[in-house]
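The residues making up each chain are set out below.
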Amino acid sequence: MITRFAPSPTGPLHLGHAFSAILAHDLAQASEGRFLLRIEDIDHTRAKPEWEALIYEDLHWLGLTWEEPAIRQSDRTDAYMQALEDLWDRGLLYPCHCNRKDIQEAISAPQEGVIPVYGPDGIVYPGTCAVRLDRPGPKATLPSGVPLRLDMSAATANTTNLSFTETGASPARQSGIIPVSNQYLRAAVGDIVLSRKDFLGSYHLSVVLDDALQGVTDVIRGQDLFEATKIHVLLQNLLGLPTPIYHHHRLIRDESGKRLAKRDDARAIRQYRADGFSPKDIRAIVGLA
Ligand code: GLU
């Protein structure tokens with residue numbers, strides 16, 4: 001078994017991250033498997049070296065060990081580029097020139113008659129650029145500095161019976177098969193961005209390529225990414241990559257039931273450390289023995 005923890009260095013780790021990391025670490029350890037760390041710093045506009053340093057510090061303090069060196073997405077742009085070129089050559093990507101405002105306007109224009117749909121990747125793109133007549137054919141070279149969207153209709157034209165295995169929390173780990181229908185991908189996900197204007201690739205693209213590179217067999221992540229996993233299953237299928245087993249764990253919430261976010265500094269691990277809590281206390285707070 002190979003598990004991983006894949007934080008983005010865009011803020012301090014909080015209790016939710018600790019829970020995820022400990023689960024993945026303990027699960028690998030219990031089965032004499034491997035636990036890996038991946039720094040998801042693909043978005044260099046938000047990632048900061050000081051947050052990355054704090055990730056290592058917090059995880060060490062929690063008593064977790066991982067195989068060194070941890071991989072960093074900022075070192076993987078060649079692989080992302082190759083995958084984008086592959087999808088581009090197959091006619092599955094198109095450049096999109098819409099900004100947020102254009103998209104809002106397109107979906108709220110009464111003559112469009114489109115009801116906005118919110119999926120795992122946010123608002124479903126209304127397809128403005130997809131229908132432009134100047135859309136380049138597969139022979140053109142991959143454009144840079146412009147967002148590239150996946151043509152979801154074309155991407156799902158030949159896929160059937162996509163699914164993934166979801167396991168329960170250990171030790172029971174009963175599993176079930178979660179289907180990923182083309183209908184869902186087209187209607188609720190739509191033409192997602194696979195490469196951004198300011199950086200090559202996207203969370204969805206990099207995460208599937210990196211999990212495959214690292215041979216991850218079991219992805220342990222929060223319930224908030226359950227729907228995003230369906231996008232990952234499609235991308236794995238398109239790129240010929242294996243689909244790991246998934247466990248989407250419960251989310252750690254504050255007293256009012258709100259999911260913790262990076263800005264909740266009060267729940268930051270570094271704050272607990274400064275306040276004299278022990279790693280054992282953290283395990284107890286998140287409900288782990
Ligand atoms: N990097 C993502 C985050 O910090 C999680 C990645 C994943 O588990 O796929 O939310």
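The text that follows walks through the structure, step by step, so that each part is easy to find. Along each chain, the written sequence defines residue order, and numbers are assigned to residues from 1. It should be noted that, the model being predicted, local features are given only for residues of pLDDT at least 70 and side-chain atom pairs only at 80 or more, the latter also being counted only at that level, while totals for whole chains, interfaces and linings use all residues. With hydrogens and water stripped out, all remaining heavy atoms of the structure feed into the side-chain values.

So, the side chain of S195
By the criteria applied, helices consist of DSSP H or I runs no shorter than four residues and strands consist of E runs no shorter than two, each listed in order from the N terminus. With respect to the helices, strands and loops of the structure, S195 is situated in strand β10 (residues 193-195). When its relative accessible area of 3% is taken as the criterion, S195 is described as buried. Counting of polar contacts relies on pairs of N or O atoms within 3.5 Å, with two restrictions inside protein: one atom must be capable of donating a hydrogen and the other of accepting it, and residues adjacent in sequence are counted only when both atoms are side-chain atoms. Polar side-chain contacts of S195 include one of 3.1 Å to the backbone nitrogen of G201. Two residues qualify as a contact provided that any one of their heavy atoms is within 4.5 Å of a heavy atom in the partner residue. Not counting residues within four places of it along the chain, the set of residues in contact with S195 comprises L84, V146, P147, L148, L200, G201 and S202. Think of it in three bands: residues with accessible area under 20% of the maximum for their type are buried, residues over 50% are exposed, and the middle band is partly exposed, with areas taken using a 1.4 Å probe on protein chains only.

Looking at the environment of T159
For T159, the position within the fold is in the loop between α5 (152-155) and β8 (162-167). Its relative accessible area of 5% is what places T159 among the buried residues. A sequence separation of 75 residues divides T159 from L234, and the C-alpha atoms of the two residues are 8.3 Å apart. Setting aside residues no more than four positions away along its own chain, T159 makes contact with N182, L234 and N237. One polar contact links the side chain of T159 to the main-chain carbonyl oxygen of T156, over a distance of 3.4 Å.

Notes on the sheet that holds β10
Whenever strands of a sheet pair, they do so through backbone hydrogen bonds, lying parallel or antiparallel. What makes two strands pair is DSSP finding at least two bridges between them. Taken in spatial order, the three strands of this open sheet run β4-β7-β10, and their pairing is antiparallel. What marks the edges here is a single partner per strand, and that holds for β4 (93-95) and β10. Averaged over all pairs of adjacent strands, the angle between strand axes in this sheet comes to 40°, irrespective of strand direction. The pairing of strand β7 (residues 148-150) with β10 spans two bridges and is classified as antiparallel. Counted as the bridge partner of L148 is S195 from β10. On top of the sheet, helix α3 (residues 77-89) reaches β4, β7 and β10; it is set at about 95° to β4, its chief contact. Note on method: axes are straight lines fitted to C-alpha atoms, helices fitted across the in-contact stretch only, with angles between N-to-C directions ranging 0 to 180 degrees.

A look at the state of the cysteines
Note on disulfides: each one is a pair of cysteine sulfur atoms within 2.5 Å. Under the counting rule described, the total for this entry stands at zero disulfides. C96 takes part in no disulfide bond, and the closest cysteine sulfur to it belongs to C129, at a distance of 3.9 Å. Residue classification places C96 among the buried residues on the basis of a relative accessible area of 1%. C98 carries a free sulfur, and the closest cysteine sulfur to it, the one in C129, is 3.8 Å from it. When its relative accessible area of 15% is taken as the criterion, C98 is described as buried.

Brief notes about the site of the ligand
Think of it this way: one heavy atom of a residue within 4 Å of a molecule or strand is enough to make that residue near it. Lining the immediate surroundings of the ligand are R4, A6, P7, S8, E40, Y203, V207, R221 and L225. S8 is positioned such that a nitrogen or oxygen atom in its side chain is 3.0 Å from a nitrogen atom of the ligand. Contacts to the ligand include R221, whose side-chain N or O atom sits 2.8 Å from an oxygen atom. Considering the ligand on its own, with 300 Å² of exposed area, one finds that the protein chains cover 78% of that surface. Here the open area of atoms and residues is found with the Shrake-Rupley method and a 1.4 Å probe, where only the protein chains shown may cover a residue.

Quick notes on helix α2 (residues 49-61)
Expected helix span is given by 1.5 Å per residue-to-residue step, counting one fewer step than there are residues. Between its first and last C-alpha, α2 extends 18 Å over 13 residues, near the 18 Å set by a 1.5 Å rise per residue. The set of residues buried in α2 consists of E52, L54, I55, D58 and L59. Across the axial projection of α2, the buried residues extend over an arc of 160°, all falling on one side. The inward-facing, buried residues of α2 abut β1 (2-5), α1 (15-30), β2 (34-39), β3 (71-72) and α9 (269-274). Directly beyond the C-terminal end of α2, a positive phi value near 90° is found at G63. It is the directions from the helix axis to the C-beta atoms that the arc portrays.

Here we look at the nonpolar core
Each nonpolar core is a collection of buried residues, namely Ala, Val, Leu, Ile, Met, Phe, Trp, Tyr and Cys, held together in the definition by side-chain atoms within 4.5 Å. Formed by 41 residues in total, the largest nonpolar core has its most connected members in L93 and L150. Counting residues per element, the ones that place at least two in this core are α3, β7, α5, β8, β9 (175-180), α6 (182-189), α7 (203-213) and α8 (226-239). When near neighbours in sequence (up to four residues on either side) are disregarded, L93 contacts L84, L87, W88, L142, L148, R149, L150 and L194. Core analysis: the second largest hydrophobic core is formed by 28 residues, L15, A21, L37 and L64 among them.

Concerning the pattern of salt bridges
What counts as a salt bridge is simple: a side-chain nitrogen of Lys or Arg found within 4 Å of a carboxyl oxygen of Asp or Glu. Evaluated as defined, the whole model comprises 15 salt bridges. The residue D210 makes a salt bridge to R38 at a minimum N-O spacing of 3.7 Å. Remark: R38 occurs in strand β2 and D210 occurs in helix α7; sequence separation between them is 172 residues. With respect to burial, D210 and R38 carry one shared label: buried. With its nearest N and O atoms 2.9 Å apart, the salt bridge here joins R38 to D211. Here R38, found in strand β2, pairs with D211, found in helix α7; they are 173 residues apart in sequence, far enough to count as distant. The pair formed by R38 and D211 is uniform in burial state, with each residue classed as buried.

Considerations on the environment of D151
Its location among the elements puts D151 in the loop between β7 and α5. Residue classification places D151 among the buried positions, given a relative accessible area of 12%. For the pair D151 and L92, spaced 59 residues apart in sequence, the C-alpha separation works out to 5.3 Å.

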